[in-house]
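Survey of secondary and tertiary structure
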2 protein chains.
Amino acid sequence: MKDLGHGANVEQIAKTYNIDPKEIIDFSSNVNPEVIKDLDKYILEGLKESRSYPDINYTNLRKNIGDYLNIKSEYIIPGNGATELIYLLMKVIGKRLAILNPTFSEYRRSAKLNGLEVIDLNLNEENQFLIDIDVIKNNLDKFDSLFICNPNNPNGKAQELNELLNILKQNNKLLIVDETFMEFAGNEENYSLVKNIKNYDNLFIIKAATKFFGMPGLRLGYGITSNKDIINKIYHYKEPWTINAFADTLSKYIFKDKEYIENSKSYYIQEREYMLKELRSIENISVYDTDTNFLLIKLNNRRANEIKVELLRRSKILIRDASNFIGLDDRYIRVAIKSHDDNKTLIENMKNLLGD
Amino acid sequence: MKDLGHGANVEQIAKTYNIDPKEIIDFSSNVNPEVIKDLDKYILEGLKESRSYPDINYTNLRKNIGDYLNIKSEYIIPGNGATELIYLLMKVIGKRLAILNPTFSEYRRSAKLNGLEVIDLNLNEENQFLIDIDVIKNNLDKFDSLFICNPNNPNGKAQELNELLNILKQNNKLLIVDETFMEFAGNEENYSLVKNIKNYDNLFIIKAATKFFGMPGLRLGYGITSNKDIINKIYHYKEPWTINAFADTLSKYIFKDKEYIENSKSYYIQEREYMLKELRSIENISVYDTDTNFLLIKLNNRRANEIKVELLRRSKILIRDASNFIGLDDRYIRVAIKSHDDNKTLIENMKNLLGD
């Protein structure tokens, strides 16, 4: 099997370090530790549905997502996680794709596997890895589509992209925005471009349902666009039945649970503040601003892998060594924001290890 | 959304004919109506696992399948249904793919979408749609790989392919066998080529776990080969996390339930005999031999779509109009073998409609 360099594989790590996988506190994956109420009941309903083939058109699933986002269901293309949409898109867009590094590695992998030319633009460390519109403007001639992760993985800061969307529209460029982590942001309405879908046919948004809803193993993502040409081309390539019956069934419930959604949002707003404050009290590390459920940290005088191994050995804490992100080096780590107790454990151990 | 022409979409049909979808008896999909015991319990275990990312290497899943088939887990490539494997294969095999028509339409679709040249060989109606090795021998120069569905969909007869495997080996051709319906066959050991995997590097077998185990909505399939070059190429293209946590977890249980497996096999052996006998008592139709859980029927003087609509309107029975299979015409229908009571209902209605 190929190592794609994602968040660590807990089972494998457990074996390597001779730890019971159940004891590992996994800060390497960015997943909401809370789930909606009555999930057991809904999953057993999904079990009944799994006895027959999923609706090949996913009519109800698309309607449930459309209602959640307040847009037409015909703009929605559901997928087996956000990943399926990323790969499908690469088959149907222009030949030159610009990527802002550092970012999620599957954009590049899917582009390369589909024969696209990848144009690397860089997010600058001195600029906190924020998007610089001038850099994009100066490179407009070089790409057909621009792929942006907002909030970006690994740094986590959400950004307003309205001006950028307009510039790209005027120049006939496609803007692809991966909003997988957008629900974690406090001012989602300021940052998300979903409200622009209807009026911008140069926009394609990708979302994953299951990070915010705490179930990455459910595999549910979706693409959103009003561009009929892109929609038709994607359906031309899309494989049938890629979304399982449990995801289809749960879409009736997760998107409607307003209380859960609000509580999760509030939790993250508060917990981010706590973690930023505590982590920033540690000397010799820099902690980047975030609007989502993970934090990028730069170690001033230690190596990422060293810290990763020490945290594992000492405290069974697993973090993400972020040195394999293009544009980062071996001083970067990424940690998820988990339950308050887990976060306290992490902070305590980081303080012990790095000195406060 | 594109109509891919598969077994009917119950929700859509229900809407069109103004029937409650729950009342439709669906003979259009070929799925075991029984499931293993304690499935609820295992699904709730899967729910716990769904809270984190699936193991990207699917180590346990591959081991469970390997144990079931009595082969090394390194020969197994799990997928989101058999479909994912079919599509991956098309990216890594030679340019010319021979297909024996009529057969499952996704072989052709996936080949075309990946730029392969499809070489159409025909199964002959006079020969009961059985494979004629001479036809393949006479066309050896025309293809690099041969795709066979065994038992074949839509006719359902299993065939011994050992001689064919050897001929293709001697001629450096790849044999791809879709054994999705193999577990339903009575003498599986005579027909399945899994035992040849280790010694034939020109063999790739595809299986779907969830038709025989009655859960197509779970989405679990797998490919099997000892050809390292093909394995490496597939992993080069494979998208991460395509199999959901429920499928991963259930693999611990479904493949080990020997009693369920034996009971299902016995049931189908007996029920096939009953259905063949009863259906063959109806004049004006021909019923093809089958070793699996569906039957192909030729109507002598009625049109498939006519019968489909009449069965729906009169009795809420949904069958598969098989006229869109390449090589069939508008006189062919396909029906699943379901529970004995459902089957009795079908037979009774077929007798009423077609005269006995």
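Residues numbered from 1 in each chain as written. Chains lettered and ligands numbered in written order. Predicted model: local features only at pLDDT ≥ 70, side-chain atom pairs only at ≥ 80, totals over all residues. Heavy atoms only, no water.

The name an unreviewed UniProt entry assigns to chain A is Threonine-phosphate decarboxylase, from the organism Romboutsia hominis. Per UniProt, the comment on chain A under Cofactor (unreviewed entry) is "pyridoxal 5'-phosphate". (UniProt positions renumbered as here; feature names shortened; annotations may be inferred.)

So, about the interface of chain B and chain A. Across the contact, 57 residues belong to chain B and 57 residues belong to chain A. Buried area between chain B and chain A, summed over both chains or domains, comes out near 4,900 Å², and the portion from carbon and sulfur atoms is 59%. Our enumeration of links across chain B and chain A arrives at zero salt bridges. Applying the counting criterion to the chain B and chain A interface returns 22 residue pairs in polar contact (both at pLDDT 80 or more). Listing elements by their share of the side of chain B that touches chain A, those giving two or more residues are α1 (10-16), α2 (39-49), α4 (81-92), α5 (106-113), α10 (228-237) and α11 (245-250) of chain B. For the side of chain B that touches chain A, the element with the highest residue contribution is α2(B), accounting for six residues. (Contact = heavy atoms within 4.5 Å. Buried area = accessible area lost by both parts, 1.4 Å probe. Salt bridge = Lys/Arg side-chain N within 4 Å of Asp/Glu carboxyl O. Polar contact = N/O pair within 3.5 Å; in protein donor to acceptor, adjacent residues only side chain to side chain. Helix = DSSP H or I, 4+ residues; strand = E, 2+ residues; numbered from the N terminus.)

Okay, the sheet that holds strand β9 (residues 285-287) of chain B next. All names here are of chain B. Judged by pairing direction, the sheet is antiparallel, and its four strands sit side by side in the order β9-β10-β13-β12 without closing on themselves. A single partner strand is all that each edge strand has here, and the edge strands are β9 and β12 (320-321). As paired strands, β12 and strand β13 (residues 332-336) are joined by two bridges and run antiparallel to one another. Directly across from D321, in β13, lies its bridge partner I333. Running over the sheet, helix α14 (residues 340-354) touches β9, β10 (294-299) and β13 and is turned about 155° from β13. (Pairing = 2+ DSSP bridges. Axes fitted to C-alpha atoms, helices over the stretch in contact; angles between N-to-C directions.)

Turning our eyes to something else, we now look at the sheet that holds strand β6 (residues 174-178) of chain A. Residues and elements named next belong to chain A. Spatially, the seven strands line up as an open sheet ordered β2-β8-β7-β6-β5-β3-β4, and their pairing is mixed. Of all strands in the sheet, those bounded by a partner on one side alone are β2 (76-79) and β4 (117-122). The sheet shows a mean angle of 20° between the axes of neighbouring strands, taken without regard to direction. Examined bridge by bridge, β2 and strand β8 (residues 221-224) share four bridges and lie antiparallel to one another. Bridge assignment links P78 to a residue of β8, and that residue is Y222. Sheet strands touched by helix α3 (residues 59-69): β2, β7 (203-208) and β8. Its angle to β2, the strand with the most contacts, is close to 120°. Its contacts with the sheet place helix α5 (residues 106-113) against β3 (96-101), β4, β5 (145-149) and β6, and it is angled at close to 160° to β3.

So, about the packing of aromatic side chains. Going through the model one piece at a time under the given rule, you end up with 39 aromatic pairs over all chains. Geometrically, the ring pair formed by Y68(B) and F213(B) is edge-to-face, given 6.4 Å between the ring centres and 65° between the ring planes. Residue Y68(B) is located in helix α3 (residues 59-69), and its partner F213(B) is located in the loop between α9 (209-212) and β8 (221-224); the two are separated by 145 residues in the primary sequence. Given the relative accessible area of 2%, F213(B) is considered buried. Above the plane of the ring of F294(A) lies R334(A), whose end atom (NZ or CZ) is 5.7 Å from the centre. The ring of F27(B) carries K338(B) above its face, with NZ or CZ at 5.8 Å from the centroid. (Phe/Tyr/Trp six-rings, centres within 6.5 Å; stacked < 30°, edge-to-face > 60°. Buried < 20%, exposed > 50% of the residue type's maximum accessible area, 1.4 Å probe, protein only. Lys NZ or Arg CZ within 6 Å of the ring centre and 35° of its normal.)

The next subject is the environment of G186(B). Residue and element names in this part refer to chain B. Position of G186 among the secondary structure elements: in the loop between β6 (174-178) and α8 (188-191). A C-alpha to C-alpha distance of 9.5 Å links G186 and A158, two positions 28 residues apart in sequence. Contacts of G186, omitting those with residues within four sequence positions, involve I269, R272 and D291.

Turning our attention to helix α13 (residues 340-354) of chain A. Residue and element names in this part refer to chain A. Taking 1.5 Å of rise per residue, 15 residues should cover 21 Å, and α13 covers 21 Å from first to last C-alpha, within 8% of that figure. Buried residues of α13: N343, L346, I347, N349, M350, K351, L353 and L354, and no others. Among the structural elements, α11 (258-280), β9 (285-287), β10 (294-299), α12 (304-315), β11 (317-318) and β13 (332-336) are those in contact with the buried residues of α13. A positive phi of about 80° marks G355, the residue just after α13. (Expected span 1.5 Å × (residues − 1).)

Following the UniProt record, one finds the feature "domain: Aminotransferase class I/classII large" (unreviewed entry) at residues 25-348 of chain A. With 37% helix and 17% strand, residues 25-348 of chain A has end C-alpha atoms that lie 14 Å from one another.

Our next topic: the environment of E348(B). Looking at the secondary structure, you find E348(B) in helix α14. Here the alpha-carbon distance between E348(B) and E126(B), two residues 222 residues apart in the chain, equals 28 Å.

This part covers the relation of the copies chain B and chain A. When chain B is fitted to chain A, the residual RMSD is 0.0 Å, and the transformation amounts to a turn of 180° plus an axial shift of 0.0 Å. This pairing of chains is accounted for by a two-fold axis. Here 100% of the contact residues of chain B are again contact residues in chain A; the copies associate through an equivalent surface. (Least-squares fit on C-alpha atoms with pLDDT ≥ 70 in both.)

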